[in-house]
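# An overview of the molecular structure
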Amino acid sequence: MKICTKCAKCRSEINLKTNASDRFGLAKKNGERINLSCNSCGTKKKYHVDELKAEESKVVSF
Ligand SMILES: [Zn+2]
């Protein structure tokens with residue numbers, strides 16, 4: 001599963017690849033807060049799993 005969120009500082013997209021099948025599995029594996037660093041500005045922050053969006057492999061249109 002791929003998850004993404006926005007950097008709290010510069011709003012760039014942060015992507016993370018995980019072998020967890022969903023956010024629940026991710027939280028179970030890594031804890032509720034995942035440490036991510038932004039590729040754009042280098043800010044490191046712990047993001048709560050609720051702040052992360054799972055990127056589904058199927059196409060979802062909004
Ligand atoms: Zn950033």
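All values reported here derive from a predicted model rather than from experimental measurement.

### Observations concerning the coordination of the zinc ion
Here the zinc ion is held by Cys7 (SG), Cys10 (SG), Cys38 (SG) and Cys41 (SG), and the distances to it run 2.3 to 2.4 Å. For the zinc ion, the four donor atoms are set out with angles of 105 to 112° between them, so the coordination reads as tetrahedral. Written as a sequence motif, the donor arrangement for the zinc ion is C-x2-C-x27-C-x2-C. A relative accessible area of 0% places Cys7 in the buried class.

### Notes on the packing of aromatic side chains
On inspection of all chains with the given rule, the structure shows zero aromatic pairs. Over the face of the ring belonging to Tyr47 we find Lys45, whose NZ or CZ atom lies 4.6 Å from the ring centre.

### Quick look at the nonpolar core
Membership of the largest hydrophobic core is limited to 12 residues, which are Ile3, Cys7, Ile14, Ala20, Leu26, Ala27, Ile34, Leu36, Cys38, Tyr47, Val49 and Leu52. Mapped onto this core, the elements with two or more residues apiece are α1 (23-30) and β3 (33-37). When near neighbours in sequence (up to four residues on either side) are disregarded, Ile3 contacts Ile14, Asn15, Leu16, Leu26, Leu52, Lys53, Ala54 and Glu55.

### As for the sheet that holds strand β5 (residues 53-55)
The strand order β2-β1-β5 describes an open sheet built from three strands, whose pairing is antiparallel. Strand pairing shows two members of the sheet lacking a second neighbour, β2 (13-17) and β5, which therefore form its edges. Between one strand and the next, the sheet's axes are offset by a mean angle of 30°, whatever the strand orientation.

### Digging into the side chain of Thr18
In this fold, Thr18 is placed in the loop between β2 and α1. A relative accessible area of 13% means that Thr18 is categorised as buried. Side-chain polar atoms of Thr18 contact the backbone nitrogen of Ala20, separated by 3.0 Å. Excluding residues that lie within four positions of it along the chain, Thr18 makes contacts with Met1 and Leu26.

Cut-offs applied
- Residues numbered from 1 in each chain as written.
- Predicted model: local features only at pLDDT ≥ 70, side-chain atom pairs only at ≥ 80, totals over all residues.
- Heavy atoms only, no water.
- Donors = N, O, S within 2.8 Å, 3.2 Å for Na, K, Ca; no water.
- Tetrahedral: all angles 85-135°; square planar, octahedral: opposite > 155°, others 65-115°.
- Buried < 20%, exposed > 50% of the residue type's maximum accessible area, 1.4 Å probe, protein only.
- Phe/Tyr/Trp six-rings, centres within 6.5 Å; stacked < 30°, edge-to-face > 60°.
- Lys NZ or Arg CZ within 6 Å of the ring centre and 35° of its normal.
- Core = buried A, V, L, I, M, F, W, Y, C linked by side-chain atoms within 4.5 Å.
- Helix = DSSP H or I, 4+ residues; strand = E, 2+ residues; numbered from the N terminus.
- Contact = heavy atoms within 4.5 Å.
- Pairing = 2+ DSSP bridges.
- Axes fitted to C-alpha atoms, helices over the stretch in contact; angles between N-to-C directions.
- Polar contact = N/O pair within 3.5 Å; in protein donor to acceptor, adjacent residues only side chain to side chain.

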